[in-house]
Each structure stands twice: as C-alpha cells, then as structure tokens.
Amino acid sequence: MGEVIVVTSGKGGVGKTTTTANLGAGLAAHGHRVALVDADIGLRNLDVVLGLENRIVYDITDVTGGHCRLRQALIKDKRFEGLFLLPAAQTKDKTAVSPDQMKALCEELRQEFDYVIIDCPAGIEQGFRNAIAGADKAIVVTTPEVAAVRDADRIIGLLEASELRDPKLIINRIRPRMVRHGDMMSIEDIIDILAIDLLGVVPEDEAVVISTNRGEPVVQDERSRSGQAYRNIVRRIKGEQVPMMKLEEGGLMSRFLRRMMGLS
Amino acid sequence: MPRELVSIKGTREGLVILLDSTREFEDIKLHLKRKMESSRGFFRGARFAVYGQAITGRQRSELENICRQYGLIPSPEISWPLEKKVEQIKTVLPGEPARLVQGTLRSGQEIRHQGNVVIIGNIHPGARVVATGSVIIMGCCRGTVQAGAEGNTAATITALKLQAACLSIAGITASPAAIPRSSLFPITARLKGGRIIFDSYRHKAIYPAF
C-alpha cells in the first residue's frame, strides 16, 4: 500500500507543478513506483513539465467518467523506470471530478504504486477540495514572499480542518544573497510565521527554467544546486535524515574575498 | 426514620429550628405555628436560628417573623454543623466564564463568541477573533481582534506579544503606530478617554524590578 501525498500552496506560481515533477522523478530514480496525478483540470501543466504532452490519449475525467480503464490513461515515462502520469483534462473544468471520485481514484492507485503524488491547483475552491480528498499527507510549497506565505498559512488551516495534520513545508526560489542583505524573508522568518516542519529549501536557479522548458526534471541534473535540493527532499520523504544544504555558494574564504572586492 | 417537618434542637448557643425542605413551604409554616402555639410561651426569650436546605431568604425571614411573634430572638450566628457544610459547597467562585480555544488561528479562521475568549496559541495575519467580552491570547497576536464587540467599553485585549495586529475595543480601533512593537511582558489594551491605551502587565504582577 503506497502513500498519497498532495502538493499544494494556495497561491499560484510558487512551484507546485515543478516540485511534483521533481519529487516524482527523484523517487522513481530511487527505484520506487510513482504515480503523478495532475488535479489542475482545465489548466494542465504537469505533462508539459515532464515532457509527456504529446503522448496523452486519455485523461483523469475519462477515468472517473468510466470512458477508459485507469491503466489506459496512465502515461509511462520512458526515462524513469516506474514513473507514471495521470494527466488532467484540458477541455473541462474543476467540477468535472468530485471529491468522492478522487478518493476512489487514489485508493485504486495506491494499490499499485509506492507513492501517489497529486499536483493541486491554486486556490481554495473545488479544485483544492478534490486534490486533497484522497491524500494522507500534504506538502505545502511557498516562496519567500508575504503573499505566498499568507496563502500557505490559510492552506495549512484548511488542511488541518480536513484532518490532514502536520503538513511539511518546502520553501522554493530562495535567494541567499537577498536574504543576507535583508531584502528577502529568511527561512527562520517563514518557519516562525507558519510553525510547521521544514522538508526542504530550493534555491532560485536558472537551471530550473531551462530544464522545465526542455521537459526534463532538474532533479537529474547532477551539477545544479536546485537538483541537489530536490534530491535531498526525496531522501527526506523516504525517511532518511539529511542535513539542510548550505545555501551560500563557495566557502568562507571565497565569500570573504568577494566581499572585500565589493562583488556581493 | 421519617423526618419531622419542623424539629427544634437545643444547643449551647441557643435553639436550632430544623426544616425538612422537601415538603411544601406552607405546611412547614403551619407546622411551626402549631409548635409555637403548643409550647405556650416556653421558648419566650430564647435565641434561635433557622436551618433548612433550599429555602429562600424571603421564606427564611417569614419563618423568623413567626418565631418573633412568640417572643423568640433571631440570632443567625448559632451554628449547626451538618447544615453548615452544605452552605459552604454552595459558595460561588468569583469571575466570569470564558471560551477556551486550544491552538493557533491561521489565516481565514475566525472565532466569534458572546463573552470572553482565551486562546492558547497564536493569531496569524488574516485570522480574526470577535468577542463581546475580553480576549486573552497566550501567544503572539498578528491578526484582527475585536473585543467588546457589542459596545462593552470595559473589555480588554491581553497578549504575550503584539506584532502588526489590528485591535479594536467597543468599535474603537487602535492606531497601528500606538501599538508597542516589543515588550518583555504581556501587554494589555484597554479603553481610556475614547482611545485605546496599552500598558505592560508588569505593574500588576509580582515580578522583581530589573
């Protein structure tokens, strides 16, 4: 029996879909069987980020509507053994699926997969209700901005009201230099406000933009810092104790020298 | 053993008149009158006290007046041990009831209550508490708190910490600039002269000065 994890944030554009794709690919790279579910019906993106767009035949509403079997709708990712995607419908909206149908779908998926990761749409309306209906764990993604943190707080309250206790936090797109200069909220500031456990911190990284456009998850990029951050988060989900990555680039000496030369 | 409606006991301090208050009050009154009548002035000049569970103050003075007519002198200080115990249990503790909320209020969550509210946790930005009485926050308040919501100007707001909170008492809103940013001690907001003032809880407590 696998576990069902929903990736949510409240605010849009903080990196839910990127996080879902990378966690899925990362867990599959560890040899797990993983199903990714795009619950963002009407605005599907997860297939694009994974580079599977042109392979969609059936989608989630075809499964819940009984037009095809679940196995027919699941798209196998050829790069990662064990990674599958259940895409969202693009021509319908959030009312096309009900929370009960999502619950049944998650039950069916967890029989076959080690991890079922649901990409939740932005907002707190029916799309959100559908996405969390079948989940037993939640990951909240936020960026170091007041609006994103405020929305994350609202989401955590709603998750708790739906018996999804102890959600874990991923802070995305942090810029260590801006934090050091006091121009951006720090990890400590965000934890202080949200008061939940931190699962990981992903630094702002151009490699994410490049890999997303190419449809290749950054988690497989050995050289990028964001890829390293996602690999660490994957190991934490598996239950390993991994220390938080040092966000500042370079050692103490090079930082000192840079500061002396007025470069940072 | 069936209890008598009215029984009279002699103690060192005086007479104790015991009532069986499970019976009709009119019967008790009648019985007492009959007892006094039949004593033919035997009790005249004696001091007495009336004891009975669940009798009202008015009923008590009515019974005392009957005894007075027969020359008895009321003296409530006469003690009767068994009944006294019951009286002590009836004692009402001072104070008002309050609703206890355990846990942090997150953005979008709201507590509305007729009366006082105590929150064990923080109030996050975007969360709201509306109470007709006072509000006590055992944590950091960053959200909206309305105390005395129906016009109770004596209501107060107390928090361990206030940060960018939006506070109002009886419809009067505190100006954000007046809210103290940090304090070693809990802060209480109250109305004074049509404005909200803030004072540290310190002067009322027994903390040593440092």
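On a predicted model such as this, the values are computed, not experimentally measured, just so you know.

### A few points about the packing of aromatic side chains
This model, assessed by the stated rule, comprises two aromatic pairs over all chains. Geometrically, the ring pair formed by Phe84(A) and Phe113(A) is edge-to-face, given 5.5 Å between the ring centres and 65° between the ring planes. Of this pair, Phe84(A) sits in strand 4 (residues 83-86) while Phe113(A) is found in the loop between helix 5 (99-112) and strand 5 (115-119), placing the two residues 29 residues apart along the sequence. For Phe84(A), a relative accessible area of 14% gives the class buried. On the basis of an interplanar angle of 70° and a centroid distance of 5.4 Å, the ring pair of Phe42(B) and Phe43(B) is categorised as edge-to-face.

### Some thoughts on helix 1 (residues 25-39) of chain B
Residues and elements named next belong to chain B. The first and last C-alpha atoms of helix 1 sit 21 Å apart over 15 residues, in line with the 21 Å expected at 1.5 Å per residue. Listed in full, the buried residues belonging to helix 1 are Phe25, Ile28, Lys29, Leu32, Met36 and Ser39. Projected down its long axis, helix 1 shows its buried positions confined to an angular sector of 100°, all on one face. Seen from the open side of helix 1, the exposed residues pointing more than 90 degrees away from its buried face are Glu26, Arg34, Glu37 and Ser38. Buried residues belonging to helix 1 abut strand 1 (6-10), strand 2 (15-19) and helix 2 (57-69). Immediately beyond the C-terminal end of helix 1, within one or two residues, lies Arg40, with a positive phi of roughly 45°.

### Overview of the UniProt feature "domain: Septum formation inhibitor MinC N-terminal" (unreviewed entry) in chain B
When the UniProt feature table is mapped onto this chain numbering, "domain: Septum formation inhibitor MinC N-terminal" (unreviewed entry) sits at residues 6-74 of chain B. Structurally, residues 6-74 of chain B is divided into 41% helix and 25% strand, and its ends, taken at the C-alpha atoms, are 17 Å apart.

### Describing the UniProt feature "binding site: ATP" (unreviewed entry) in chain A
All names here are of chain A. Under the UniProt annotation, "binding site: ATP" (unreviewed entry) lies at Lys11, Gly12, Gly13, Val14, Gly15, Lys16, Thr17 and Thr18. From the list above, the largest pocket is lined by Gly12, Gly13, Val14, Gly15, Lys16, Thr17 and Thr18. Turning to its location among the elements, Gly13 is positioned in the loop between strand 1 (3-8) and helix 1 (16-29). Mapped onto the elements, Thr18 comes out in helix 1.

### A short note on the interface of chain A and chain B
Taken together, the eleven residues of chain A in the interface contact eight residues of chain B. Taken together, the two surfaces of chain A and chain B that pack against each other cover about 810 Å², and 39% of this comes from carbon and sulfur. For the chain A face of the interface with chain B, the top three residues by lost area are Arg150(A), Asp153(A) and Arg154(A), together amounting to 52%. Put simply, chain A and chain B have three salt bridges between them. With a shortest N-O distance of 3.8 Å, Glu160(A) and Arg106(B) are connected by a salt bridge. Taken together, the connections running from chain A to chain B amount to six residue pairs in polar contact (both at pLDDT 80 or more). Contributions of two or more residues to the side of chain A that touches chain B are made by helix 7 (146-161) and helix 9 (187-194) of chain A. Ranked by the residues each element gives to the side of chain A that touches chain B, the list is headed by helix 7 of chain A, at six residues.

### Concerning the sheet that holds strand 7 (residues 168-174) of chain A
Residues and elements named next belong to chain A. Spatially, the eight strands line up as an open sheet ordered 3-4-2-5-1-6-7-8, and their pairing is mixed. One side of each edge strand has no neighbouring strand; the edge strands of this open sheet are strand 3 (75-76) and strand 8 (197-203). By the bridge criterion, two bridges tie strand 3 to strand 4 in an arrangement that is antiparallel. Each bridged residue has a counterpart across the sheet, and for Ile75 the counterpart in strand 4 is Leu85. On the sheet, helix 1 packs against strand 1, strand 2 (34-38), strand 4, strand 5, strand 6 (137-142) and strand 7 and is oriented at approximately 165° with respect to strand 5. Packed on one face of the sheet, helix 7 meets strand 1 and strand 6 and runs near 165° to strand 6.

### A look at the layout of surface pockets
Put simply, the largest pocket is a space of about 440 Å³. Of the residues contributing to the lining of the largest pocket, the split by class is eleven nonpolar, nine polar and six charged.

### Overview of the domain arrangement of chain B
Annotation of chain B at the domain level lists domain 1 (6-89) and domain 2 (98-204). Computed over C-alpha atoms, the centres of domain 1 of chain B and domain 2 of chain B are 52 Å apart.

### Side note on the side chain of Thr188(B)
Residues and elements named next belong to chain B. In this structure, Thr188 sits in strand 14 (residues 187-192). Assessed through its relative accessible area of 3%, Thr188 is described here as buried. In terms of polar contacts, Thr188 uses its side chain to reach the side chain of Thr158, at 3.1 Å.

### Remarks on the pattern of salt bridges
Evaluated as defined, the whole model comprises 22 salt bridges over all chains. Note that Asp136(A) is salt-bridged to Arg110(A), the shortest N-O span being 2.7 Å. Of this pair, Asp136(A) sits in the loop between helix 6 (126-133) and strand 6 while Arg110(A) sits in helix 5, and the two are 26 residues apart along the sequence. Notably, a salt bridge pairs Lys29(B) with Glu26(B), separated by 3.7 Å at the nearest N-O pair. With a gap of three residues between them, Lys29(B) and Glu26(B) both fall in helix 1, about one helical turn apart. Judged by its relative accessible area of 18%, Lys29(B) is buried. Overlapping salt bridges, with partners in common, bring together Arg33(A), Arg71(A) and Glu112(A) in one network.

Cut-offs applied
- Residues numbered from 1 in each chain as written.
- Chains lettered and ligands numbered in written order.
- Predicted model: local features only at pLDDT ≥ 70, side-chain atom pairs only at ≥ 80, totals over all residues.
- Heavy atoms only, no water.
- Phe/Tyr/Trp six-rings, centres within 6.5 Å; stacked < 30°, edge-to-face > 60°.
- Helix = DSSP H or I, 4+ residues; strand = E, 2+ residues; numbered from the N terminus.
- Buried < 20%, exposed > 50% of the residue type's maximum accessible area, 1.4 Å probe, protein only.
- Expected span 1.5 Å × (residues − 1).
- Arc of directions from axis to C-beta.
- Contact = heavy atoms within 4.5 Å.
- UniProt positions renumbered as here; feature names shortened; annotations may be inferred.
- 1 Å grid on protein atoms, 1.4 Å probe; cavity = no way out; pocket = protein on both sides within 12 Å on 5 of 7 lines; lining within 4 Å.
- Buried area = accessible area lost by both parts, 1.4 Å probe.
- Salt bridge = Lys/Arg side-chain N within 4 Å of Asp/Glu carboxyl O.
- Polar contact = N/O pair within 3.5 Å; in protein donor to acceptor, adjacent residues only side chain to side chain.
- Pairing = 2+ DSSP bridges.
- Axes fitted to C-alpha atoms, helices over the stretch in contact; angles between N-to-C directions.
- Points joined across faces, edges and corners; volume = space filled by probe spheres on them.
- Nonpolar A, V, L, I, M, F, W, Y, C, P; charged D, E, K, R; others polar.
- Domains from an automatic or database assignment.

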